[in-house]
Amino acid sequence: MPYLIEKNSYDPNSLGIYIHIPFCVRKCAYCDFYSLSAGKDAMEQYHQALMQMIPRLGEKHIGRRVDTVYFGGGTPSCYPIEYLSEELNLIGKCFSLTEDCEVTAECNPDSALRPWLQGAKRAGINRLSIGVQSADDEELRRVGRLHDFQTAQNAFYTAREEGFDNLSLDLIYGLPDQTMDSWQKSVEALLALHPDHLSCYGLKLEEGTPLFLHRRELTLADDDGQADMYLWMVDRLEQAGLHQYEISNFARQGKHSRHNLRYWLGQEYLGLGPAAHSYVDGVRRAIPRSLSVLCQGVAEGKTEWEPGIPIDASERAREYVLLRLRTRWGISIPEAERLFQIDCTSLEEQLRFFATYGWAEQTEGRWHFTAEGYLRSNALIGILEDVLENQLTK
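These remarks concern the structure in this document. Keep in mind that what you see is a predicted model, and the values were worked out from it rather than measured.

Right, let's get into the overall build of the protein chain. Each helix and strand in the protein chain was counted, giving 15 helices and 14 strands. Its C-alpha atoms give the protein chain a radius of gyration of 21 Å, near enough to 21 Å, the size a compact globule of 394 residues would have. Taking the principal axes of the C-alpha coordinates as reference, the protein chain spans close to 60 × 50 × 40 Å. For the protein chain, the accessible area works out to roughly 17,600 Å², and carbon and sulfur atoms hold 48% of it. For the protein chain, the distance from the average site of its 40 positive side-chain charges to the average site of its 57 negative ones is 3 Å.

Below, the discussion takes up the environment of Pro176. Position of Pro176 among the secondary structure elements: in the loop between strand E5 (167-173) and helix H6 (180-191). The class for Pro176 is buried, based on a relative accessible area of 4%. Taking C-alpha positions, Pro176 is 9.7 Å from Leu140, a pair spaced 36 residues apart along the chain. Ignoring any residue separated from it by four or fewer positions in sequence, one finds Pro176 in contact with Arg142, Val143, Leu203, Leu211, Leu218, Thr219 and Leu220.

The topology assignment puts Ser129 in strand E4 (residues 127-133). Given the relative accessible area of 7%, Ser129 is considered buried. Apart from the residues within four sequence positions on either side, Ser129 is in contact with Tyr70, Thr104, Ala105, Glu106, Cys107, Ser168 and Asp170.

Two quantities define a packed helix pair, namely the angle between the helix axes and the distance between the axes. In contact at an axis separation of 10 Å, helix H11 (residues 313-324) and helix H15 (residues 377-392) are set at 155° when each is read in the N-to-C sense. The orientation of H11 relative to H15 falls into the category roughly antiparallel. The chirality of how H11 crosses H15 is right-handed. Note on element contacts: H15 touches H11 through Ile381, Leu384, Glu385, Leu388, Glu389 and Leu392, opposite Ser314, Ala317, Arg318, Val321 and Leu322. Among the residues making up the contact of H11 with H15, the classes are represented as seven nonpolar, one polar and three charged.

A few words on the nonpolar core. Among the nonpolar cores identified, the biggest contains 99 residues, and Ile125 and Leu128 are the most heavily contacted of them. It is helix H1 (residues 40-60) that provides the largest number of residues to this core, a total of eight residues. Residues Cys28, Val143, Ile172 and Leu203 belong to the second largest nonpolar core, which totals nine residues.

Right, let's get into the environment of Thr98. Inspection of the secondary structure assignment puts Thr98 in strand E3 (residues 96-107). Linking Thr98 and Leu211, residues 113 residues apart in sequence, is a C-alpha distance of 42 Å. Every residue in contact with Thr98, bar those within four places of it in the chain, is listed here: Arg65, Val66 and Asp67. Within the structure, the side chain of Thr98 is placed 3.1 Å from the side chain of Asp100, a separation counted as a polar contact.

Aromatic ring pairs are described here by two measures, namely the spacing of the ring centres and the angle between the planes. All chains considered together, the criterion is met by 16 aromatic pairs. Seen in terms of ring centroids, Phe23 and Tyr79 are 5.9 Å apart; in terms of plane orientation they differ by 10°. Their pairing is stacked. Of this pair, Phe23 sits in the loop between strand E1 (14-21) and H1 while Tyr79 is found in the loop between strand E2 (65-73) and helix H2 (81-94), placing the two residues 56 residues apart along the sequence. Residue Phe23 shares its accessibility class with Tyr79, and that shared class is buried. Centre to centre, the rings of Tyr173 and Trp183 are 5.4 Å apart; their planes meet at 55°, and the pair counts as tilted. A residue pair is termed long-range when its members are at least 10 positions apart, and Tyr173 in strand E5 and Trp183 in helix H6 qualify at 10 residues. Like Tyr173, the residue Trp183 is buried in the burial classification.

Another point: the packing of helix H13 (residues 345-356) against H15. At a closest axis distance of 9 Å, the pairing of H13 and H15 adopts a crossing angle of 155°. Looking at the two axes, H13 sits roughly antiparallel to H15. Of the two possible hands of crossing, H13 and H15 adopt the one that is right-handed. Across the interface between the two elements, Ser346, Leu347, Gln350, Leu351 and Phe354 from H13 touch Leu380, Ile383, Leu384 and Val387 from H15. Taken together, the residues of the contact of H13 with H15 sort by class into seven nonpolar, two polar and no charged.

Thresholds, definitions, all that
Residues numbered from 1 in each chain as written. Predicted model: local features only at pLDDT ≥ 70, side-chain atom pairs only at ≥ 80, totals over all residues. Heavy atoms only, no water. Helix = DSSP H or I, 4+ residues; strand = E, 2+ residues; numbered from the N terminus. Rg over C-alpha atoms; globule rule 2.2 N^0.38 Å. Areas by Shrake-Rupley, 256 points an atom, 1.4 Å probe, with all protein chains shown as cover. Lys, Arg positive; Asp, Glu negative; His and termini not counted. Charge placed at Lys NZ, Arg CZ, Asp CG, Glu CD. Buried < 20%, exposed > 50% of the residue type's maximum accessible area, 1.4 Å probe, protein only. Contact = heavy atoms within 4.5 Å. Axes fitted to C-alpha atoms, helices over the stretch in contact; angles between N-to-C directions. Parallel < 35°, antiparallel > 145°, perpendicular 65-115°, else oblique. Left-handed = near helix turned anticlockwise from the far one by under 90°. Nonpolar A, V, L, I, M, F, W, Y, C, P; charged D, E, K, R; others polar. Core = buried A, V, L, I, M, F, W, Y, C linked by side-chain atoms within 4.5 Å. Polar contact = N/O pair within 3.5 Å; in protein donor to acceptor, adjacent residues only side chain to side chain. Phe/Tyr/Trp six-rings, centres within 6.5 Å; stacked < 30°, edge-to-face > 60°.

See below:
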């Protein structure tokens, strides 16, 4: 497959910005992200807190060029578009945005209506991630989605009409009572829309969610069933011109998520909002999962809520392996040896062993997992981390 990532294109002075919009009309039965149902007053209070945080952070990061901005959630499309517009405009004033800055907003079909989409386009948002999840209305109902598939189609077509030429759709496989047949029909229905990008995730029962609490009452695909769905999907999307560039992500040439790629390639990003994380100047930080704590902290002049965790060379080496092997860009043994001043012979020997089982392969000098390898990635990466740990402690 062709590489979707331009080589040597990373600017070490660049920065991504993530803004968490913690509001939903109603929380889905599988979701454990931080979100809450809230009225206009809470949204206004949060907006004002962000409008205070952004200039403070801009002063701390003078000279950093921002090339990706991502509004995630929650459901940004249930948040007033005027607020998103004002926040994005302020980011442009307080940071140096690149001309080709990728600006993404997540949205749900039931709230991504034409006025919101028109406002998003005017604001400078140039990429949308639409949470479809399934093309089967019964499957959507079982997990508490507020839309049907017709509504999702309408949102997609309206976004195209409003000039969005970078549209991503989300799908979930392994939903309650989902069969291979219904999964294949969902994939085909989304392909018929000709999206630029697909994110396809296997259902995980997260502790504390309604699906987890009722798990004994559900009919769910087992690990083998989910694996069959995954492998069929990878092959079908490749046929359709959507190339796999990460475990769960597929894109047409040049349409990968540049922001999410920052995380997987170990590049720096700044997180704003409750439960948001940052990795800047070699330090990781998190904001508490509480809207009230964030707003109170901002009122007190805070931009940080914890001292942060410095990432030393050993941890960077581990993350290089852990995160980059999620992608088709993978890892380069000579590059790892140069960056971390270690001998990676044992690491490469282990990858060659994986290759004998069809779990890994080398392309243009870089090692990456195959689709079969991605299915076993947690176990395989654990083995590689042990090999790396032995080398780092020598």
